[in-house]
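Each chain, letter by letter, is given below.
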Amino acid sequence: MAVETAEAPASASAREAPKAPGSLRDRPFTAWLFLAPYLALFVVFVLGPILLGLWISLHSWDFNLPRKPFVGINNYKDLLDPGSVSFGPFWNGMQATGIFTAASVPFLLAVPLGIALIMNEKFPGRNALRAIYFAPYVLGVAVIGVLWRFLLDANIGLVNFLAGLVSLPDDTAWLSSLPAAWVSLVWVTVWWTLGFNAVIFLAGLQDIPREQYEAARVDGAGAWQSFRNVTLPGLKPVTMFVTMITIIASANMFGQSYIMTNGAPGQETRTAIFYIAEQGLQTFEMGTAAAASWILTLTLMILSVAVFFIFRDKDEARA
Amino acid sequence: MSPTPRPTVQSTVPSALTRRRFLGLSALTTAALVTGCGGGQGVGGNEEGVGGFTGEYDGPALTLAYWNGFTGGDGPAMIDLVKSFNEEQEDITVESNPISWPDFYQRLPAATQAGKGPDVGAMHLDQLSTNAARNIIVAVDDVAEALELEEGDFAPAVWQPGIYNEKRYGIPLDVHCLAMYYNKDHFEKAGIDEPPADAASFDEACKKLQGAGYDTPFWMPNLWPAHIMFLSILWQSGGEPYAEDGSEATFASEEGVAALTWMLEQIEKGYSPPNVDADAQYLAFKNNKTSITWDGIWQINDLQATDMNYGIAPLPVIGNEIGSWANSHNFFLTSQAAGDQDRSDASKVFIAWMSEQSAQWSKAGMIPALNSAREEAAFKESPQYALLEQIDKLHFLPAVPGLGEVTPVTLETAVNKALLGQESPEEALSAAQEDATELMQKNLEKYGG
């Protein structure tokens, strides 16, 4: 995303630049020179590992063993072959990731948007509240995982204890039954990360010109109508960005289920990243893990493109 | 690696006790040398660690990196041991680096491959073969020879699994197993005089406890340590989870199904609430909310630190005879240290010294692996002495490379599913057994070829 927005003004100014002697056009290396520090990091830490991952995925790769036989596309074939022993756990993980993403993304968009709208109003204690909503985000996944694991414990947890006090069912197995485990994971993730999305929405809200609201009011628009016709369109670029990074972050969920449910019940909440980490870093089946990562990456790329088009089409339709 | 022994003329070790000890050891140089030369043929390209260990170190002063996973109640005891070693030695300083076990097994291979690993360390018995096959650790036959250690010196069954491809990779420090912890106050109130020792008396005890107002006296975990409880009962019944040669999984046998069914029954009978989450059974026990729990003896120090009135006893016989799952902490030498004669010798001095401290290690809540150490007061006065009867009937997982990674994704999941009522014990175990066998076959190919 960041790349796209950065490029647009650059190419625009290049078009307008006068063809003066000594301009960047005559010395193409100058641009490369300025880009070099970033490119070096990009190649070493992003492009290199991606390509190495592709290479590893074509081998039976255990970095501890001297023999790393080339197996071609067999790792991929195994992951896609229902008869193989990796098929079940991997697709179970993909399914878990899918369920989590589908369940968490709507909340991670709607709740932070609502909070951003409130925080955009002027009222006493606003700054304190902004800080409070953002606070959980600064905690690490290990902290929030352990915290909620104890709070949500079926038998000795505070949540069930409090539910019992107000005569609600107090025996919900929040961490080891379905769908309660998903409710817990989604709830904890929303509680943990909503601050981040809210801050971005808030920044987006503050970028919407006041005059548009005034104009809407002059035209007789109520609160709901200004929200629909001014706020939402004004937030469109921000919403697209937040949607994409939220989908990607949700699809990469690992720590919460690793710590809170450990995949229970059975392997139901074992996500794709959980499976990949286990294969690659515990079993040292790095070939399989790399192949699985590639399948997950491709899926996410397709999804991102889809989101991009959904938002873009509507934009053009309106324009 | 040169097998040339270093001259052993003078000892720079200051302590008289240590000096005597090591001078005695150096008499065994010849024996060590024989092993050193004899073991020349590497298996699977393994680097040889057998470098004619002399029992003492007279090279330049150096600092050894020592990695272990003693981060729990056993941590302080290990820190004390390392401290006394450092005080006794002039030229060797050991720097202990405790890392929780799961991280330990992830980091050790990567760090060792990168040349940033430890020289020496302690790991579980069932991980030795995996790390030997991966060329992370090297054989230490010469240390065993120099210390005159033999199978008969140790608790039964702890010696063999340390051997992989006919070489010894670990020097056992302790054995640890499961125990039954019980709340003495609850037992007294329920009128139970002694800890139950078989299935019938266990059931009776649970009923009495319920009668005394303890509604859920025995919480059944479905995550750790559920699968080692399962393994214990399986072994008690004469079953085996895995074939000794690593060719197949056999835990879905009749005995296995019976073991898991018994565990499930504890929930069905209401002795345990359903859906016991991670660690809840132990926390409930510590807080007097349940009366009996089965857990590892490594929890002893944690319970000692409370003012709880608890008792400890061998696991009751649910199968046919007394027995428990067990594991053992073993000292190892890394391939990284084996590349340097000085570091390798110094590490071996450390291993040899530690192995002699087996009795002191009882303070960590563990059972000394050496038979002689179990005669010492340090062990006899420890709480875990109550498990003496069980020590002759411990069961270890076979030395099969890669097995440690098969269990979590197969057996542990099956136990979890069955105890959460998602699948019957038969279904869960047979599906997991099939997967486990397939993974084990893959491992045979991976590590064998």
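This structure is a prediction, so every number in the text was calculated from the model and none was measured. (Residues numbered from 1 in each chain as written. Chains lettered and ligands numbered in written order. Predicted model: local features only at pLDDT ≥ 70, side-chain atom pairs only at ≥ 80, totals over all residues. Heavy atoms only, no water.)

## Thoughts on the overall build of chain A
- Scanning chain A for helices and strands turns up 14 helices and zero strands.
- Along chain A, from the amino end to the carboxyl end, the secondary structure elements read α-α-α-α-α-α-α-α-α-α-α-α-α-α.
- Look at the contacts in chain A between residues 6 or more apart in sequence, and 64% of them connect residues 24 or more apart.
- Accessible surface computed for chain A: about 17,800 Å², of which carbon and sulfur atoms make up 70%. (Helix = DSSP H or I, 4+ residues; strand = E, 2+ residues; numbered from the N terminus. Contact = heavy atoms within 4.5 Å. Areas by Shrake-Rupley, 256 points an atom, 1.4 Å probe, with all protein chains shown as cover.)

## Overview of the overall build of chain B
- Of the regular secondary structure elements, chain B holds 18 helices and 14 strands.
- Out of the 449 residues in chain B, the part that is buried amounts to 60%.
- Across chain B, the fraction of contacts at a sequence separation of at least 24, relative to all contacts at a separation of at least 6, is 79%. (Buried < 20%, exposed > 50% of the residue type's maximum accessible area, 1.4 Å probe, protein only.)

## Some details on the interface of chain B and chain A
- At the interface, 35 residues of chain B touch 34 residues of chain A.
- Scanning the region where chain B abuts chain A turns up four salt bridges.
- At the boundary of chain B with chain A, the tally comes to 13 residue pairs in polar contact (both at pLDDT 80 or more).
- Sorting the residues of the side of chain B that touches chain A by element identifies helix 4 (101-113), helix 11 (280-286), helix 17 (403-419) and helix 18 (425-448) of chain B as the ones contributing at least two each.
- The greatest single-element share of the side of chain B that touches chain A, amounting to seven residues, is contributed by helix 18 of chain B.
- Each residue belonging to the side of chain B that touches chain A can be placed in one class, and the counts come to 17 nonpolar, seven polar and 11 charged. (Salt bridge = Lys/Arg side-chain N within 4 Å of Asp/Glu carboxyl O. Polar contact = N/O pair within 3.5 Å; in protein donor to acceptor, adjacent residues only side chain to side chain. Nonpolar A, V, L, I, M, F, W, Y, C, P; charged D, E, K, R; others polar.)

## Here's the deal with unusual backbone geometry
- Looking along the chain, the bond that leaves A:Ala264 and enters A:Pro265 is cis, with omega of -5°.
- Mapped onto the elements, A:Pro265 comes out in the loop between helix 12 (255-261) and helix 13 (272-282).
- The residue after B:Trp224, namely B:Pro225, is reached through a cis peptide bond having omega 0°.
- Relative to the elements of secondary structure, B:Pro225 occurs in the loop between helix 8 (199-211) and helix 9 (226-236).
- Positive phi, close to 55°, is recorded for B:Asn275, a residue that is not glycine.
- Positive phi outside glycine occurs at B:Asn288, with the angle close to 60°.
- Along the chain, the position of B:Asn288 falls in the loop between helix 11 and strand 9 (292-296).

## A look at a nonpolar patch on the surface
- Together, A:Leu41, A:Val43, A:Val44, A:Phe45, A:Val46, A:Leu47, A:Ile50, A:Leu51 and A:Leu54 give the surface a local cluster of nonpolar side chains, amounting to about 790 Å² of exposed area.
- Mapped onto the fold, A:Val44 is located in helix 2 (residues 28-56). (Patch = residues over 30% accessible without salt bridge, like charges linked within 9 Å, V, L, I, M, F, W, Y side chains within 5 Å.)

## Side note on the domain arrangement of chain B
Residue and element names in this part refer to chain B.
- Its domain assignment divides chain B into domain 1 (16-173 + 328-357) and domain 2 (177-323 + 394-448).
- Summed over the shared surface of domain 1 and domain 2, the number is one salt bridge.
- Its salt-bridge partner being Glu405, residue Arg134 comes within 3.4 Å of it at the nearest N-O pair.
- When residues of the side of domain 1 that touches domain 2 are traced back to their parent elements, those giving at least two are helix 5 (125-133) and strand 5 (163-164). (Domains from an automatic or database assignment.)

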